[in-house]
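Residue-level listing of the chains:
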Amino acid sequence: MNKIIFITGATAGFGQAIARKFAENGNNLIITGRRKILLEELAKELITTFDIEVLPLCFDVRKLEEVESAIEALPVKWKKIDVLVNNAGLAVGLNPIHEGVVDDWERMIDTNVKGLLYMTRFVSPLMVARKQGHIINIGSIAGREVYPMGNVYCGSKYAVDAITKGTRIDLVSHNIKVTQIAPGAANTEFSMVRFKGDKSRADNVYIGYEPLSAVDIAETVYYVTTLPAHVNINDLVLMPTAQASAVNIHKE
Ligand code: NDP
Ligand code: 8X3
């Protein structure tokens, strides 16, 4: 296909699987994350295996100056971004609101909301100038239903839902597709991050049923980019078959 796909948060989970999926279909990638070694290892693997070009950019999406300078400094040919996948994100902590950790709240809002906005602010003008492009925001079932102790994480994903709709409205006259993919429970590093390295608590989230895998999300993200030019998936919610709502998971 030979498009340029810009994926944030490609050092793990969904982002890494999304990078692999687009790479195996012959696209060139810009991949980002804060863990430089993981990013460079992935770039090397994808270049060697799939004979594509990969540009690894190590930066923190929460830092406006880092986002701006990474995108401004892109070589001209890499500025022709066809697809931006705003994937980098996290949940930190699971506490009732009156016991919430303010630093956890700030990490979630700064990453999931402000980081996504910074990326969109600097990449979308490149798409507008070319009158083509596709922005895919990774939301969550947490952006559709609020669950106990989800408070700020849910708030951040409700914000992604609203920002995605607003982005679509503002960019519709520029021929830019804007899609939200909103998954339910998927087994990645997500719960280890949420529970701050408590492996037994993290593993427990995925016991007794088959959760989504990162590959399931990658297949879905790839699918929405394969549709004809006049067709856009605005919004797509996917969950494990064993999950019926944010809190309703059938465990054997
Ligand atoms: P992982 O923890 O496995 O991966 C998260 C990725 O985001 C990592 O590559 C991490 O890279 C990157 N990231 C986190 N913070 C930053 C930052 N400040 N700057 C740059 N990169 C960052 O989680 P998932 O793959 O599961 O999550 C991906 C997205 O999907 C998130 O937005 C999450 O909210 C959402 N989601 C996840 C679900 C799940 O059940 N797993 C369900 C629904 C939505 P690094 O640490 O190297 O910076
Ligand atoms: C991640 C899924 O249900 O833990 O966004 O919020 S959930």
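Here the structure is shown first, and the text comes after it.
### Details of the overall build of the chain
Check the secondary structure of the chain and you find eight helices and seven strands. Whereas a compact globule of 252 residues would reach a radius of gyration of roughly 18 Å, the chain reaches 17 Å, a difference of no more than 12%. For the chain, the C-alpha atoms occupy an extent of roughly 50 × 40 × 35 Å along the three principal directions. Relative to its full complement of 252 residues, the chain shows a buried share of 50%. In the chain, the share of contacts with a sequence separation of at least 24, taken over all contacts with a separation of at least 6, comes to 72%. As displayed, the chain has an accessible area near 11800 Å², and 55% of this comes from carbon and sulfur atoms. Each charge class in the chain was averaged separately, 27 positive and 28 negative side chains, and the resulting centres sit 4 Å apart.

### Some details on the site of ligand 2
All residues adjacent to ligand 2 are Ser140, Ile141, Ala142, Tyr147, Tyr153, Phe190 and Arg194. At 2.6 Å from an oxygen atom of ligand 2 is found a side-chain nitrogen or oxygen belonging to Tyr147. Contacts to ligand 2 include Arg194, whose side-chain N or O atom sits 3.4 Å from an oxygen atom. Across the complex, the protein chains shield 83% of the 240 Å² of accessible surface that ligand 2 would expose by itself. The class makeup of the residues in the shell around ligand 2 is five nonpolar, one polar and one charged.

### Focus on the site of ligand 1
Lining the immediate surroundings of ligand 1 are 29 residues, of which Thr11, Phe14, Arg34, Tyr153 and Thr188 lie closest. One of the backbone N or O atoms of Ala12 is found 3.4 Å from an oxygen atom in ligand 1. Between Arg35 and ligand 1, the recorded distance is 2.9 Å, taken from a side-chain N or O atom to an oxygen atom. In isolation ligand 1 exposes 880 Å². Once the protein is present, 96% of that is buried. The set of elements that each furnish at least two residues to the shell around ligand 1 consists of α1 (13-24) and α5 (151-171). Classifying every residue of the shell around ligand 1 gives 12 nonpolar, 11 polar and six charged.

### Some remarks on the sheet that holds strand β3 (residues 54-58)
Read from one edge to the other, the open sheet built from seven strands follows the order β3-β2-β1-β4-β5-β6-β7, with strand pairing classed as parallel. Only two strands of the sheet have a single neighbouring strand rather than two, namely β3 and β7 (235-238). Adjacent strand axes in the sheet meet at a mean angle of 15 degrees, parallel and antiparallel pairs treated alike. Of the pairings in the sheet, the one linking strand β1 (residues 4-7) to strand β4 (residues 83-86) comprises three bridges and is parallel in character. Paired with Ile5 across the two strands is Val83, which belongs to β4. Packing against the sheet, α5 makes contact with β5 (133-138) and β6 (176-183), and its axis sits at approximately 165 degrees to β6.

Cut-offs and rules
- Residues numbered from 1 in each chain as written.
- Chains lettered and ligands numbered in written order.
- Predicted model: local features only at pLDDT ≥ 70, side-chain atom pairs only at ≥ 80, totals over all residues.
- Heavy atoms only, no water.
- Helix = DSSP H or I, 4+ residues; strand = E, 2+ residues; numbered from the N terminus.
- Rg over C-alpha atoms; globule rule 2.2 N^0.38 Å.
- Buried < 20%, exposed > 50% of the residue type's maximum accessible area, 1.4 Å probe, protein only.
- Contact = heavy atoms within 4.5 Å.
- Areas by Shrake-Rupley, 256 points an atom, 1.4 Å probe, with all protein chains shown as cover.
- Lys, Arg positive; Asp, Glu negative; His and termini not counted.
- Charge placed at Lys NZ, Arg CZ, Asp CG, Glu CD.
- Near = heavy atom within 4 Å.
- Polar contact = N/O pair within 3.5 Å; in protein donor to acceptor, adjacent residues only side chain to side chain.
- Nonpolar A, V, L, I, M, F, W, Y, C, P; charged D, E, K, R; others polar.
- Pairing = 2+ DSSP bridges.
- Axes fitted to C-alpha atoms, helices over the stretch in contact; angles between N-to-C directions.

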